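Spelled out from the first residue to the last, the chains are:
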Amino acid sequence: MRAHKIVSGASKAKPWTVRYFTPTQHEKSFALKRDAVAYGVAMDTRIRSGEFDRPESETVGVYAQRWLSQHPGKPGTKAGIRGNLKNHILPLLGEVPLTDLTREMIKDFLANPDIDTTSKRWQAIACLNSFLNEAVRDGKIPVNPALDIKLPKKRAACPDFIPPTYAQLLVIESYLSDEFKLALWLQYGLGLRIGEALE
């Protein structure tokens, strides 16, 4: 079975066009049919022998950066993703061609000692899944290699945490500057996080 197809009528100057797949489609046109046939046979040989030079795949880093630039999230969300990419994913996987990224590579990446907490691993796999799912939708890769990789369960919040008493809060307040005193009581009374209390 031929790996190429010859079509006619592409143009008056070069009416014979060879189409072949590597796996993406390529075309080359010729003035003479015999030249198109010879080129098609040559492409068949190269494709079947594995010698055909496929176009270089976009790297994980290039695709992830473009995905982030198009991400619809809020600035804080994008800043968190950018940090995850910069500190963990890109140093280890950024130069890997997207089409060469495997499940084994991702599991090795998650076992790296630099990603030393369960929380960091969960954040990394969430980020990977997000942009690799988008790569599947964009037709860059056939499947997401990070899908369904098992991670250790996150530990539940410490059950024996005891909030400070009113007297202890007064002591804490005495060490704070005026701009943070209100935030302390907002956090304590309303359960706000520090960023929410300071807005």
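Higher on the page you've got the structure.
Residues numbered from 1 in each chain as written. Predicted model: local features only at pLDDT ≥ 70, side-chain atom pairs only at ≥ 80, totals over all residues. Heavy atoms only, no water.

Q: Give a description of the overall build of the protein that names residues and reports values.
A: The helix and strand tally for the protein stands at 8 helices and 3 strands. Sorting the 199 residues of the protein into buried and exposed places 28% on the buried side. Counting only contacts in the protein whose residues sit at least 6 apart along the sequence, the fraction spanning at least 24 positions is 46%. On the protein, roughly 13,800 Å² of surface is accessible, and the fraction owed to carbon and sulfur atoms is 56%. (Helix = DSSP H or I, 4+ residues; strand = E, 2+ residues; numbered from the N terminus. Buried < 20%, exposed > 50% of the residue type's maximum accessible area, 1.4 Å probe, protein only. Contact = heavy atoms within 4.5 Å. Areas by Shrake-Rupley, 256 points an atom, 1.4 Å probe, with all protein chains shown as cover.)

Q: How would you sum up the nonpolar core? Please name residues and give values.
A: Counting 27 residues, the largest nonpolar core has Ile-106, Leu-128, Phe-131 and Leu-132 as its most contacted members. Listed by contribution, the elements that provide at least two residues to this core are helix 2 (60–69), helix 3 (75–93), helix 4 (103–110) and helix 5 (118–137). Looking at which element gives the most residues to this core, the answer is helix 5, with 7 residues. Not counting the four nearest positions on each side in its chain, Leu-128 is found in contact with Ile-89, Leu-93, Ile-106, Phe-109 and Ala-146. Formed by 6 residues, the second largest nonpolar core is a distinct cluster that contains Phe-30, Ala-36, Tyr-39 and Met-43. (Core = buried A, V, L, I, M, F, W, Y, C linked by side-chain atoms within 4.5 Å.)

Q: Hey, could you go over the packing of helix 4 against helix 5 for me, with residue numbers and the actual values?
A: At a minimum axis separation of 10 Å, helix 4 and helix 5 run at an interaxial angle of 150 degrees. The pairing of helix 4 with helix 5 is recorded here as roughly antiparallel in orientation. In this structure, helix 4 meets helix 5 at a crossing whose hand is right-handed. Of the residues in helix 5, those touching helix 4 at Ile-106, Phe-109 and Leu-110 are Arg-121, Ala-124, Ile-125, Leu-128 and Leu-132. Each residue belonging to the contact of helix 4 with helix 5 can be placed in one class, and the counts come to 7 nonpolar, no polar and 1 charged. (Axes fitted to C-alpha atoms, helices over the stretch in contact; angles between N-to-C directions. Parallel < 35°, antiparallel > 145°, perpendicular 65-115°, else oblique. Left-handed = near helix turned anticlockwise from the far one by under 90°. Nonpolar A, V, L, I, M, F, W, Y, C, P; charged D, E, K, R; others polar.)

Q: Explain the packing of aromatic side chains to me, using residue names and the numbers behind them.
A: Within a pair of aromatic rings, the relevant descriptors are the distance that separates the centres and the angle that separates the planes. Inspection of every chain in the model, using the stated rule, returns 3 aromatic pairs. Between Tyr-166 and Trp-185, the ring centres sit 5.7 Å apart and the planes meet at 45 degrees, which makes this aromatic pair tilted. You can see Tyr-166 sitting in helix 6 (residues 166–174) and its partner Trp-185 sitting in helix 7 (residues 178–190), a full 19 residues away along the chain. Accessibility expressed as a relative area gives 55% for Tyr-166, which makes it exposed. (Phe/Tyr/Trp six-rings, centres within 6.5 Å; stacked < 30°, edge-to-face > 60°.)

Q: So, the pattern of salt bridges: which residues are in play, and what are the values?
A: Taken as a whole, this structure holds 6 salt bridges when the rule is applied. Between Asp-116 and Lys-120 there is a salt bridge, with the nearest N and O atoms lying 3.1 Å from each other. Residue classification places Lys-120 among the partly exposed positions, given a relative accessible area of 29%. Between Asp-178 and Lys-181 there is a salt bridge whose closest N-O contact spans 3.4 Å. Residue Asp-178 and its partner Lys-181 are both found in helix 7; the two are separated by 3 residues, about one turn of the helix. The network of salt bridges with shared partners includes Glu-58, Arg-66 and Lys-140. (Salt bridge = Lys/Arg side-chain N within 4 Å of Asp/Glu carboxyl O.)

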